[in-house]
Amino acid sequence: MSILFDRAVEFVLRFEGDLSDDPHDPGRITKFGISQKAYPDVDIRALTRREAIELYRRDYWMKCKCDHLPAPLAMILFDSAVNQGPRPAVRMLQQALSVRVDGVVGAETIAAGHRASLRLVAVEFIARRGFQYALHPQVSRFGLGWYRRLAACHQVSQEPL
C-alpha cells in the first residue's frame, strides 16, 4: 500500500507480538495484537501475520484515514487506534489539533493536520495518550509497556520516511 503503512504496521507488530492468552488482558486471546474481544468471529489462534496486517489496514489505517494525514500524525494515530481504539484515538488527535471532537476523521481534521505544527501536535497527542493510560484501571499491570511503546511511537513518528 504505502511505505508509511508498512512502517506503521511493522512498528505495531514489534510491540504486539505473537499469541497471548493473559487472563488479565481484557482483549482475551490475542495474536499480533488482534484480540478475540474485538474480532469474536475470527479464529485468533489460526490467524496469520498477513491476515492481521490486512485487518490493520482495513479496520484501523483506512478507517482512521491515516493515508490522508501527514506522516507523523498518521503514525501516532494508527498506533493509538490499535492500542486504544479507533474512536478514542481520533478524539485525542482532534483534541490535539483543537478541532471539533467527534471521533471521525473528516475534512476539518485532515485540513487541520496539514496546517498544524507537526512537532507540537505530536507532543500534545502523545501526552493525551499517556494521560489516558494513566487513567486506565490496568496501568499498574501494563503501564510500563504502554509508556515504552508511547515513547518509541513518538520517536519513530519524527523520523523521515
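Engineer: Explain the overall build of the chain to me, please; I cannot follow it from the model alone.
Structural biologist: The number of helices and strands found in the chain is seven helices and two strands. The C-alpha atoms of the chain give 15 Å as radius of gyration, which agrees with the globular expectation for 161 residues (15 Å, within 12%). The C-alpha extent of the chain, read off along each of the three principal axes, is 45 × 35 × 30 Å. Burial status across the chain gives 46% buried among its 161 residues. Sequence-distant contacts, at least 24 apart, represent 54% of the contacts inside the chain between residues at least 6 apart. Put simply, the chain shows about 8,500 Å² of open surface, and 54% of that area lies on carbon and sulfur atoms. Across the chain, the mean location of the 22 positive side-chain charges is 4 Å away from that of the 18 negative side-chain charges.

Engineer: Could you clarify how one ought to interpret helix α6 (residues 118-135) in this entry?
Structural biologist: One full turn of an α-helix is made of 3.6 residues, so residues set three or four places apart face in the same direction. The first and last C-alpha atoms of α6 sit 26 Å apart over 18 residues, in line with the 26 Å expected at 1.5 Å per residue. Turning to α6, its buried residues are V121, A122, F125, I126, R129, G130 and Y133. Elements in contact with the buried residues of α6: α3 (71-84), α4 (86-97) and α7 (139-157).

Engineer: What is the right way to look at the layout of surface pockets in this model?
Structural biologist: A probe as big as a water molecule, rolled over the atoms, marks out the empty space that is left. Taken as a whole, the largest pocket holds about 1,100 Å³ of empty space. Elements with a minimum of two residues in the lining of the largest pocket: α1 (3-16), β2 (34-35), α3, α4, α6 and α7.

Criteria and cut-off values
Residues numbered from 1 in each chain as written. Predicted model: local features only at pLDDT ≥ 70, side-chain atom pairs only at ≥ 80, totals over all residues. Heavy atoms only, no water. Helix = DSSP H or I, 4+ residues; strand = E, 2+ residues; numbered from the N terminus. Rg over C-alpha atoms; globule rule 2.2 N^0.38 Å. Buried < 20%, exposed > 50% of the residue type's maximum accessible area, 1.4 Å probe, protein only. Contact = heavy atoms within 4.5 Å. Areas by Shrake-Rupley, 256 points an atom, 1.4 Å probe, with all protein chains shown as cover. Lys, Arg positive; Asp, Glu negative; His and termini not counted. Charge placed at Lys NZ, Arg CZ, Asp CG, Glu CD. Expected span 1.5 Å × (residues − 1). 1 Å grid on protein atoms, 1.4 Å probe; cavity = no way out; pocket = protein on both sides within 12 Å on 5 of 7 lines; lining within 4 Å. Points joined across faces, edges and corners; volume = space filled by probe spheres on them.

Note that every value here comes from positions in space, so none of it alone points to a role or purpose.
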